[in-house]
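This is what each chain is made of:
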Amino acid sequence: MAKKVGLEVSVAVSEAVKLVDADVIAAYPITPQTHIVEHLADLVADGELRAAYIPVESEHSAMSACLGSSAVGARTFTATAGQGLELMHEVLYVASAMRLPIVMTVANRALSAPISIWGDHADAMAVRDTGWIQLFVENGQEAVDNVICAFRISEDRRVLLPAMIHMDGFHLTHVIEPIELPEQSAVARFIPPFNPPLPLDPEKPVTMGAFAPPFIYTEVKYAQDQNLRASKEVITECWQDFGKTFGRYYSPVEKYQAEGAKTLLMTMGSYSETAMVAVDKMRDEGKPVGLLKLRLWRPFPFAEFRQAVKDAEVLIVLDRALSFGGPGGPVCAEVRSALYDEINKPRVVGFVGGLGGRDISMAGFEDMIEQGTKVARTGSEQAFEMFEVRA
Amino acid sequence: MAKTKDKGELGWQEIEIGCFITEPGNAIQFRTGDWKSRRPVFDLDKCNKCTLCYYFCPEGCIAKTEEGYFLPDLYYCKGCGICAEECPKDAITMEEEAG
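Throughout this description, residue numbers start from 1 for each chain and increase along the sequence as written. Here the convention is simple: chains get letters from A, ligands get numbers from 1, in the order in which they are written. Totals for whole chains, interfaces and linings use all residues, but because this is a predicted model, local features are given only for residues with pLDDT of at least 70 and pairs of side-chain atoms are given and counted only at 80 or more. Values reported for side chains reflect all heavy atoms of the structure, with hydrogen atoms and water molecules removed beforehand.

A.B. asks: Just checking my understanding: could you explain the overall build of chain B for this structure?
C.D. replies: Secondary structure elements follow DSSP: runs of H or I of four or more residues count as helices, runs of E of two or more count as strands, with numbering from the N terminus. Helix and strand content of chain B: two helices and four strands. Seen in sequence order, chain B has helices and strands lined up from the N terminus as β-α-β-β-α-β. A compact globule built from 99 residues should have a C-alpha radius of gyration of about 13 Å, whereas chain B, at 17 Å, is more than 25% larger. Taken along the three principal axes of its C-alpha coordinates, chain B extends 50 × 30 × 20 Å. The globule rule is 2.2 Å times the number of residues to the power 0.38, and the radius of gyration it is compared with is taken over C-alpha atoms.

A.B. asks: Can you walk me through the pairing of strand β3 (residues 52-55) of chain A in this structure?
C.D. replies: The side chains of a regular strand alternate, first on one face of the sheet and then on the other. Residue and element names in this part refer to chain A. Bridge count between strand β2 (residues 24-27) and β3: four bridges; the pairing is parallel. Paired with V24 across the two strands is A52, which belongs to β3. This β-α-β element, β2 to helix α2 (residues 34-45) to β3, shows right-handed connectivity. Pairing between strands is defined by DSSP: at least two bridges between the two strands are required. Look down the strands so they point away from you; if going from the first strand over the helix to the second traces a clockwise path, that crossover is right-handed.

A.B. asks: Explain empty space enclosed by the protein to me, please; I cannot follow it from the model alone.
C.D. replies: Regions of empty space are outlined by a rolling probe, equal in size to a water molecule, passed over the atoms. Using protein atoms alone on a 1 Å grid, points that fit a 1.4 Å probe yet trap it form a cavity, whereas open point sets bounded by protein on both sides within 12 Å along at least five of seven lines form a pocket; residues with an atom within 4 Å of a point count as lining. Grid points are joined across faces, edges and corners, and a volume is the space filled by probe spheres set on the points. Applying the stated rule across the entire model yields three cavities of 30 Å³ or more. Empty space within the largest cavity amounts to approximately 110 Å³. Lining the largest cavity are 14 residues; nearest its centre among them are B:C47, B:C50, B:C53, B:C87 and B:A91. Space inside the second largest cavity adds up to approximately 90 Å³. Every residue lining the second largest cavity is counted, 15 residues in all, and those nearest its centre are A:R99, A:L100, A:P196, A:L198 and B:F20. Broken down by class, the residue content of the lining of the second largest cavity amounts to 13 nonpolar, one polar and one charged. Each residue receives one of three labels: charged for Asp, Glu, Lys and Arg, nonpolar for Ala, Val, Leu, Ile, Met, Phe, Trp, Tyr, Cys and Pro, and polar for the others, Gly being one of them.

A.B. asks: What exactly am I supposed to notice about the nonpolar core here?
C.D. replies: All names here are of chain A. Buried Ala, Val, Leu, Ile, Met, Phe, Trp, Tyr and Cys residues form a nonpolar core when they are joined through side-chain atoms within 4.5 Å. We call a residue buried when its accessible area falls under 20% of the maximum for its residue type, exposed when it is over 50%, and partly exposed in between, using a 1.4 Å probe and counting protein chains only. Ranked by internal contacts, the top residues of the largest apolar core, which has 54 residues, are F77 and I148. Of the residues forming this core, the biggest block, eight residues, is contributed by helix α6 (residues 140-155). We call two residues contacting when some pair of their heavy atoms lies within 4.5 Å. With near-sequence residues (within four places) excluded, F77 lies in contact with V13, V17, V24, I25, A26, I36, L40, C66, V103, T105 and F151. Counting 27 residues, the second-largest nonpolar core is a separate cluster that includes M63, M88, L100 and M164.

A.B. asks: Explain unusual backbone geometry here, please?
C.D. replies: A negative phi angle is the norm for most residues apart from glycine, just as the trans form is the norm for most peptide bonds. Residue and element names in this part refer to chain A. Cis geometry marks the peptide bond from T31 to P32; its omega dihedral reads 0 degrees. Within the secondary structure layout, P32 lies in the loop between β2 and α2. Of note in this structure, D21 is not a glycine but carries a positive phi near 60 degrees. In this fold, D21 is placed in the loop between α1 (9-19) and β2. When its relative accessible area of 43% is taken as the criterion, D21 is described as partly exposed.

A.B. asks: It is not clear to me how the packing of α1(A) against α2(A) should be interpreted in this structure. Could you clarify?
C.D. replies: Helix-helix packing is described using two parameters, namely the angle between the two axes and the distance between the axes. All names here are of chain A. For helices, the fitted line uses only the C-alpha atoms of the stretch in contact; every axis is such a line through C-alpha atoms, and the angle between N-to-C directions lies from 0 to 180 degrees. Put simply, α1 and α2 touch, their axes get as near as 8 Å, and they point 45 degrees apart. Classified by the angle between their axes, α1 and α2 sit oblique to one another. For the pair α1 and α2, the sense of crossing is right-handed. Along the contact surface, α1 presents S10, V11, V13, S14, E15, V17 and K18, while α2 presents H35, I36, H39, L40 and L43. Of the residues contributing to the contact of α1 with α2, the split by class is six nonpolar, four polar and two charged. Our angle categories are set so that under 35 degrees counts as roughly parallel, over 145 as roughly antiparallel, 65 to 115 as roughly perpendicular, and the remainder as oblique. Two helices that cross are described as forming a left-handed crossing if the nearer one is turned anticlockwise from the farther one by less than a right angle, and a right-handed crossing if clockwise.

A.B. asks: I tried to follow the sheet that holds strand β15 (residues 385-386) of chain A on my own but got confused; where do I start?
C.D. replies: Sheet strands pair by backbone hydrogen bonding; their relative direction is either parallel or antiparallel. Residues and elements named next belong to chain A. Taken in spatial order, the six strands line up as β9-β11-β10-β13-β14-β15 in an open sheet, and their pairing is mixed. The sheet is open, and its two edges are formed by β9 (253-256) and β15, each paired on a single side. Taken strand by strand, helix α10 (residues 302-309) contacts β9, β10 (263-267), β11 (289-294) and β13 (314-319), and its axis lies near 20 degrees from that of β9. Strand contacts of helix α12 (residues 362-378): β10, β11, β13, β14 (347-352) and β15, with the helix running at about 130 degrees to β13, the strand carrying the most contacts.

Put into structure tokens, the structure is as follows:
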């Protein structure tokens, strides 16, 4: 029987990679992701995980090595953060277009300059369109469970796409939480062996990522988009099976106290936990507020999202990233776009906050909800509200 | 190169996964000859069969004939003109494709 133990979340993520019996880890350490790959290096060196550990000279090389290993049919894992993810950028597109089911945890970190090792979602938003499955987790248990699910989803023959698990740097990576690690035998039953349809094999040669002239490139990209959209069904199916097997259920848009809520707040990642406490307090005071937690970012769960907000009057969206000179935070801009053609829709108010590791307290979330409800009534001259910015 | 069909071109649902090439050497199906704006015209009366055009052609589309002369396969020739530049006998001239 799996039991709960106190573990640093980074260590727990590495243990999850051991549980899925990964074959190759190619990684370059960067704060705040370092503990994940350090612990994996220990597991491999101590013979606890039979895998090839490739220490590389940069994140660009890490992702490139992952391409090769996944292409031959090896179960492949890497982790990065912030600038490291940016350095991988061009290779990320290659991984998804070549349908290589690499799994990567991103310990979300703010981007330079000025240099910040602390967390926000600027790194995640910059790789939004790379064609990866992307999901956000809010605590250590969710990180472990979703690393396990990500391998099964990605390697599914109906999907064959790489997956990123976004977990907030420091707020998640460096905290110790009670975490239940499933039994290895149960994980082995949950994830079938990786058996790609067209691996790199000298007996049956294939060429991957070769040249596509104008007559075919459009068709290839459309196929890729359709493929990523269709993966949502496999993702939800996997989460259902995971729930039946391990007792913890996940869904693309998660609701908390949303029943009958006139004002909904939407968050992603670890700040959702503080927001839940704020919502509890406001509910106790009789205020009709609720919380939505967007777990699945790509493919965007349009139907589930629209369903979740249709009865609300106000939707307050917290972005932890900026789109400089743009229409507001990237998540809020997408949400507005997703609702544009709907008849019944809430008024959307966007906040940007929690940048570069700045905390949003429980009282902060209360303020955000109160202020957002007011802005929904009065309207705003700005593309977004900058939360708790000093004048 | 991406797989092609004899008649017409593949639709998005017909493409191999990841647009992989499963047939080695299928670049032979790809007509690079339609890139050219000028084509090489060989004057075999001037040709001394020296082979320089054959070796210099970056496309590898010049082949030896049964009589030992050299001629380009215009299906692949991109019209770069290197053969004409290198020919010591001025036996190759580049002519406009248009007109």
